[in-house]
Amino acid sequence: REYVLSALVATHVTCGSAVARREYVLSAWSTSFYRPKAEIQALGLINQDSVFFQSKWAISTLHDGFLSQLVEVDGETSEITAFHVCHHRNSFFYEVISREHGTVTIFEYGLSTKHKAMVREFQDLVPSRAMACVDQLLLRASQSSLLALSLQTGATSILHHSETGEDVLAID
């Protein structure tokens, strides 16, 4: 009886303080230990067992219940601005903007090879808001333009460009 009373008092005191809340469960004290460090910006699904998460500084995967980080950028100097899973190439694309140099670089990460490769680098380009993979093209949409990037040759075609600063993704 003394233990139950002291547990109830300890629970009441702990909940009322600034210390992390602890929960009493039949003869055991527990507390949540996982605190996410980043906000999820985008995710991509492969199948019922695999999901990919993109934050501003990393891309991670949850596969069969195990979380692992696949890509990480230096949060001091760069940021991941876009992410897209491409099923027919068994890879994902992601875009990194360098705050120091003003460069935007698109990478492809092969899921079977676990290898990343630079697809294209641009200077002074507005960061993308979305990407999509269509056959051998990577479509890249930003606030100022819609680009088609050939994955075979690296050639870029401007499909739509806004000189006025009007959002090209806006729907009238």
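Here the structure is a predicted model, which means the values were calculated and not measured. (Residues numbered from 1 in each chain as written. Predicted model: local features only at pLDDT ≥ 70, side-chain atom pairs only at ≥ 80, totals over all residues. Heavy atoms only, no water.)

So, on to the nonpolar core. Nonpolar side chains tend toward joint burial in soluble globular proteins. If you look at the biggest cluster of nonpolar residues, it comprises 13 residues, and the most contacted ones within it are Ile59, Phe92 and Tyr94. Those elements that place two or more of their residues in this core are β7 (78–86), β8 (91–98) and β9 (103–110). The contact partners of phenylalanine 92, leaving out residues within four places of it in the chain, are Phe52, Ile59, Leu70, Val71, Phe83, His84, Val85, Cys86, Phe107, Glu108, Tyr109 and Leu111. In terms of nonpolar packing, the next biggest core, distinct from the first, is built from 12 residues, Ala82, Val104, Ile106 and Phe122 among them. (Core = buried A, V, L, I, M, F, W, Y, C linked by side-chain atoms within 4.5 Å. Buried < 20%, exposed > 50% of the residue type's maximum accessible area, 1.4 Å probe, protein only. Helix = DSSP H or I, 4+ residues; strand = E, 2+ residues; numbered from the N terminus. Contact = heavy atoms within 4.5 Å.)

All right, on to the sheet that holds strand β11 (residues 128–134) then. Here we have 4 strands laid out as an open sheet, ordered β11-β12-β13-β14, and antiparallel in their pairing. This sheet does not close on itself; its edge strands, each paired only once, are β11 and β14 (156–161). Averaged over all pairs of adjacent strands, the angle between strand axes in this sheet comes to 20°, irrespective of strand direction. In this sheet, strand β12 (residues 137–142) lies alongside β11 in antiparallel orientation, the contact comprising 6 bridges. Looking at the pairing, alanine 130 lines up with alanine 141 of β12. (Pairing = 2+ DSSP bridges. Axes fitted to C-alpha atoms, helices over the stretch in contact; angles between N-to-C directions.)

Take the pattern of salt bridges next. By the definition in use, this model includes 3 salt bridges. With its nearest N and O atoms 2.9 Å apart, the salt bridge here joins glutamate 79 to arginine 99. You can see glutamate 79 sitting in strand β7 and its partner arginine 99 sitting in the loop between β8 and β9, a full 20 residues away along the chain. As a salt-bridge pair, glutamate 95 and arginine 140 come within 2.7 Å of each other at their nearest N and O atoms. In this pair, glutamate 95 is assigned in strand β8 and arginine 140 in strand β12, connecting sequence segments 45 residues apart. For glutamate 95, a relative accessible area of 0% puts it in the buried group. (Salt bridge = Lys/Arg side-chain N within 4 Å of Asp/Glu carboxyl O.)

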